[in-house]
Amino acid sequence: MKLKLLLFFVECISAGYVSPDLGTVRQDYRKASESEGATKKMFEDLTEVGKNDDVVLVVYIGAVTTMMAEYAGNFVRV
C-alpha cells in the first residue's frame, strides 16, 4: 500500500500536478468574485482537481465553474 501511494505521488509530480494550497484557493476565490480575469485564472488553476481530491477543493471547482457562467457568451438571458 505504501509503495502504491508513493508511486501515485511520484506520478503526479512528474506529470506536473500538485494539489493547490487551500489557503491560496480561498484568497483566489475572493478575488474571483470581483473580476472576470481572476475567475478565469482560478478556473484554469483548478482544472486538475478531481473527485478524489480534498472535498473542499472539489467544492471550490464547482463554485468557480458556476461563476464562469456569468462570462459565457452566446446565451440569452431571460
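Because the structure is predicted, anything quoted here is derived from the model rather than measured. (Residues numbered from 1 in each chain as written. Predicted model: local features only at pLDDT ≥ 70, side-chain atom pairs only at ≥ 80, totals over all residues. Heavy atoms only, no water.)

S.K.: Would you explain the nonpolar core in this entry?
M.R.: If you look at the biggest cluster of nonpolar residues, it comprises 10 residues: Val25, Ala32, Met42, Leu46, Val49, Leu57, Tyr60, Ile61, Val64 and Met67. When contributions to this core are tallied by element, the ones reaching two or more residues are helix 2 (22-32) and helix 4 (55-68). Residues in contact with Val25, not counting those within four places in the same chain, are Pro20, Met42, Leu46, Leu57 and Tyr60. (Core = buried A, V, L, I, M, F, W, Y, C linked by side-chain atoms within 4.5 Å. Buried < 20%, exposed > 50% of the residue type's maximum accessible area, 1.4 Å probe, protein only. Helix = DSSP H or I, 4+ residues; strand = E, 2+ residues; numbered from the N terminus. Contact = heavy atoms within 4.5 Å.)

S.K.: Looking at this structure, how should I read the environment of Gly50?
M.R.: Checked against the element boundaries, Gly50 lands in the loop between helix 3 (36-45) and helix 4. Overall, Gly50 belongs to the partly exposed group, its relative accessible area being 28%. In sequence terms Gly50 and Ile61 are 11 residues apart; their C-alpha atoms lie 8.9 Å from each other.

S.K.: Sorry, what's going on with the packing of helix 2 against helix 3 here?
M.R.: If you want to describe how two helices pack, look at the angle between their axes and the distance between the axes. Relative orientation of the contacting elements helix 2 and helix 3 amounts to 145°, with a least axis distance of 8 Å. Pair helix 2 / helix 3 crosses with left-handed handedness. Residues Val25, Asp28, Tyr29, Lys31 and Ala32 of helix 2 form the contact with helix 3, whose participating residues are Ala38, Thr39, Met42 and Asp45. Here the contact of helix 2 with helix 3 is built from residues that sort into 5 nonpolar, 1 polar and 3 charged. (Axes fitted to C-alpha atoms, helices over the stretch in contact; angles between N-to-C directions. Left-handed = near helix turned anticlockwise from the far one by under 90°. Nonpolar A, V, L, I, M, F, W, Y, C, P; charged D, E, K, R; others polar.)

S.K.: Is there a simple way to explain the packing of helix 2 against helix 4 in this structure?
M.R.: At their nearest, the axes of helix 2 and helix 4 sit 11 Å apart, and the two run at 15° to each other. In terms of orientation, helix 2 and helix 4 fall into the roughly parallel class. Relative to helix 4, the crossing made by helix 2 is left-handed. Across from Leu22, Val25, Arg26, Tyr29 and Ala32 in helix 2, the residues of helix 4 making contact are Val56, Leu57, Tyr60, Ala63 and Met67. The residue makeup of the contact of helix 2 with helix 4, split by class, is 9 nonpolar, no polar and 1 charged. (Parallel < 35°, antiparallel > 145°, perpendicular 65-115°, else oblique.)

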